[in-house]
Amino acid sequence: MDIVEVIKQQIAENTILLYMKGTPQFPQCGFSSRAVEAVMSCGQKFAYVNILEHPEIRAELPKYANWPTFPQLWVKGELVGGCDIVTEMAQTGELKTLLDAAAGEANS
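- The protein chain goes by Glutaredoxin in an unreviewed UniProt entry, where it is assigned to Balneatrix alpica.
- As stated in UniProt under Sequence similarities (unreviewed entry), the record for the protein chain gives "Belongs to the glutaredoxin family. Monothiol subfamily."

As structure tokens, then:
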């Protein structure tokens, strides 16, 4: 399967999806660590892809997303942003509102 199709499928099948370096339990970079903390603090279940284990996704996703860096948070098929945006939204409460709404729609 074409790697871009894999990415599209992952984004379509997961309401809240974090592309990151490492795993939520063992983030492999500071930016991924901060982003995953912000997402986890909102209390919703989310999926993740460890791009260190998937070099083809690591290579293609920035082109597909038109976003050069990792982590990348996707909610309901839309790119929310990277570490700075996610942590900023967490501080203002915007992230929890977004994730709660997305999770609520996914569960209804």
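## Thoughts on helix 4 (residues 83-92)
Residue pairs spaced three or four apart in an α-helix point in one direction, given the helix's 3.6 residues per turn.
Thought 1: Within the sequence span of helix 4, burial applies to Cys83, Val86, Thr87 and Met89. Take helix 4 and look down its axis: the buried residues cluster within an arc of 160°, on one side only. Exposed residues on helix 4 whose side chains face more than 90 degrees from its buried face are Asp84, Glu88, Gln91 and Thr92.
Thought 2: Turning to helix 4, the residues buried within the fold contact helix 2 (30-41), strand 3 (72-75), strand 4 (78-81) and helix 5 (94-107).
Thought 3: Looking one or two places after helix 4, you find Gly93, whose phi comes out positive at around 90°.

## Things to note about helix 5
Thought 1: Here helix 5 spans 20 Å end to end across 14 residues, near enough to the 20 Å set by a 1.5 Å rise per residue.
Thought 2: For helix 5, the secondary structure elements touched by its buried residues are strand 1 (16-20), helix 2, strand 3 and helix 4.

Thresholds, definitions, all that
- Residues numbered from 1 in each chain as written.
- Predicted model: local features only at pLDDT ≥ 70, side-chain atom pairs only at ≥ 80, totals over all residues.
- Heavy atoms only, no water.
- UniProt positions renumbered as here; feature names shortened; annotations may be inferred.
- Buried < 20%, exposed > 50% of the residue type's maximum accessible area, 1.4 Å probe, protein only.
- Helix = DSSP H or I, 4+ residues; strand = E, 2+ residues; numbered from the N terminus.
- Arc of directions from axis to C-beta.
- Contact = heavy atoms within 4.5 Å.
- Expected span 1.5 Å × (residues − 1).

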